[in-house]
Amino acid sequence: MSIAELAASDSAAPARGVAWSPLDRGEALLALRAEGDELVELLARASALRDAGKGRTITYSRKAFFPVTNLCRDRCSYCTFRRDEEQDGAWTMSLDEIARWSERARGLGCCEALMCLGDKPEAAFAGYRRWLAAGGWRSTIDYVAASCRVALRAGLLPHSNPGLMTPEDLSLLRPLNASLGLMIESTSPRLRTRGEVHYYAPDKDPELRLAVVRDAGEQRIPFTTGLLIGIGETLEERIDTIEAIADLHARFGHVQEVIVQNFRAKPEIPMATAAEPDAHDLERTIAVTRLMLGPDMNVQAPPNLSADGLDGLLESGINDLGGISPLTPDYVNPEAPWPHLGALARRCERAGFRLAERLPIYPEFVERKDFVAPEMRAPIEAWRLEIARREAAASEVRA
Ligand code: SF4
């Protein structure tokens, strides 16, 4: 088989037409409380649905994480990433830094440039506003666009996750990114009230975040979103969040993956002593996400936040492990190193799965040409062939 044929027959592509009906709210709530045999049965159902849609392939994206700026106007109670502009560790990457990191990432075989940053720092910091103006940047998003151009020139595929975006921001970033992302985290407006995690985080208003996901759908942008669990939400609110994602995906068909991320406590945050979701809580939530969103959805959980729990993640119905970097740490969870890829592949294999690399745009969206900006077609196609080549070489070694 030629490389082009191998790329075209992507083994991670979903099997179409698997019959299923989503869990309703009552069933989902019971499932989120499942214990013992009921939990075993729940995970088996979610696994079977994943197998029907995605087979036994678990994907990941080889990436470099660019913390474009860690200045942020919000103060989420679980965040160690953000800084004020006068604070130790405050950092906005220069375009020279972006270029140097991009070259190193390319040299290490990375495909994805994850642009991740604080939300709307220009709304809070006068020095940063002056810095933007001096560089001729209209906004942080304008600077992210420039960063994407630099990463693209070095041969990477950007995936930006820059916080809230207006429709104009989305239009600016679409031709410079393989896909875009914004975690919904939770649709609970209660979490914005006094004493809750998003009280000091105006950009975490659920209506504003849902509007971004909707606008991305209207612009045919492959979109990554997800939920963050263990931040004070109730189980009912967790279901609300999954339902909201399902509704938007039903309208626009653009949600390419849903991340189920678990809160991790850290000594320096206001939630330092808050309880983390335990492994079963995470597994139940992944399983319910799979059973509510169906066999074709890509459901992801970050492996570095469940270092000893990979088997549990696999048994709960995920088919993706997200971005893993050989170059940069997870700046959002710097205490949690990414697993070594070779070791991860062996652990997947022991559990009956094949680990495979993917692009920051999923194959089913590459096939839908209206979801790929004309400017991104050539770089995406080049990477599709490059990954197929790697896959072919790895198969030869295995054989
Ligand atoms: S989680 Fe994001 S939005 Fe919240 S404070 Fe941290 S960087 Fe800002």
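Residues numbered from 1 in each chain as written. Predicted model: local features only at pLDDT ≥ 70, side-chain atom pairs only at ≥ 80, totals over all residues.

A few words now on the overall build of the protein. Per the secondary structure count, the protein includes 14 helices and nine strands. Taking 21 Å as the expected radius of gyration for a compact globule of 399 residues, we find that the protein reaches 20 Å, a close match to that expectation. When the backbone C-alpha atoms are referred to their principal axes, the protein occupies close to 60 × 55 × 40 Å. Considering the protein as a whole, with its 399 residues, one finds that 46% of them fall into the buried category. Counted over contacts in the protein with a minimum sequence separation of 6, partners at least 24 positions apart contribute 78%. (Helix = DSSP H or I, 4+ residues; strand = E, 2+ residues; numbered from the N terminus. Rg over C-alpha atoms; globule rule 2.2 N^0.38 Å. Buried ≥ 20, exposed ≤ 12 C-beta atoms within 10 Å, placed from the backbone. Contact = placed C-beta atoms within 7 Å.)

One finds Phe66, Ala113, Met115, Val144, Val260, Val288 and Ile380 to be the most contacted residues of the largest nonpolar core, which totals 100 residues. By residue number, the principal contributor to this core is helix H6 (residues 140–153), which donates eight residues. Other than its neighbours up to four places away in sequence, Val144 contacts Val68, Met115, Leu117, Ser160, Pro162 and Leu173. (Core = buried A, V, L, I, M, F, W, Y, C linked by C-beta atoms within 7 Å.)

Where helix H9 (residues 235–252) contacts helix H10 (residues 279–293), the axes come no closer than 10 Å and their chain directions differ by 35°. Handedness of the crossing formed by H9 with H10: right-handed. Between H9 and H10, the residues in contact are Arg238, Ile242 and Ala246 and Thr285, Val288, Thr289, Met292 and Leu293, respectively. Partitioning the contact of H9 with H10 into residue classes produces five nonpolar, two polar and one charged. (Axes fitted to C-alpha atoms, helices over the stretch in contact; angles between N-to-C directions. Left-handed = near helix turned anticlockwise from the far one by under 90°. Nonpolar A, V, L, I, M, F, W, Y, C, P; charged D, E, K, R; others polar.)

Take the confidence of the model for the protein next. One rule of thumb: low pLDDT means the predicted coordinates there are not for detailed reading. Residues with a pLDDT of 70 or more make up 96% of the protein, whose mean pLDDT is 93. Throughout residues 1–15 the model reports pLDDT below 50, and contacts reaching past four residues in sequence, or to other chains, amount to 31 contacts. (pLDDT = per-residue confidence, 0-100.)

Most of strand E1 (residues 57–67) sits out of view: nine of its 11 residues are buried. Sheet topology note: the E1/strand E9 (residues 354–357) ladder contains four bridges and is parallel. The partner of Thr57 across the bridge, within E9, is Arg354. Note that E1 and strand E8 (residues 320–324) share three bridges and pair parallel. Note that in E8 the partner of Thr59 across the bridge is Asp320. Here E1 runs beside strand E2 (residues 112–116); their pairing, made up of five bridges, is parallel. (Pairing = 2+ DSSP bridges.)

Let us now look at helix H8 (residues 206–218). The terminal C-alpha atoms of H8 lie 18 Å apart, and with 13 residues this matches the ideal 18 Å at 1.5 Å per residue to within 8%. Close packing links the buried residues of H8 with helix H7 (167–173), strand E4 (179–181), strand E5 (223–229) and H9. (Expected span 1.5 Å × (residues − 1).)

Taken together, Cys72, Asp74, Arg75, Cys76, Cys79, Phe81, Arg82, Gly118, Asp119, Ala201 and Asp203 make up the full set of residues near the ligand. In the shell around the ligand, the residues fall into five nonpolar, one polar and five charged. (Near = placed C-beta within 6 Å.)

Within the secondary structure layout, Glu276 lies in the loop between strand E6 (255–262) and H10. The exposure class assigned to Glu276 is partly exposed, which follows from the 15 C-beta atoms found within 10 Å. Between the alpha carbons of Glu276 and Phe263 there is a distance of 6.0 Å; along the sequence they are 13 residues apart.

Assignment of secondary structure puts Leu208 in helix H8. Sequence-wise, Leu208 and Cys116 are 92 residues apart; in three dimensions their C-alpha atoms are separated by 19 Å. When residues no more than four places from it in sequence are discounted, the contact partners of Leu208 are Leu164 and Asp203.

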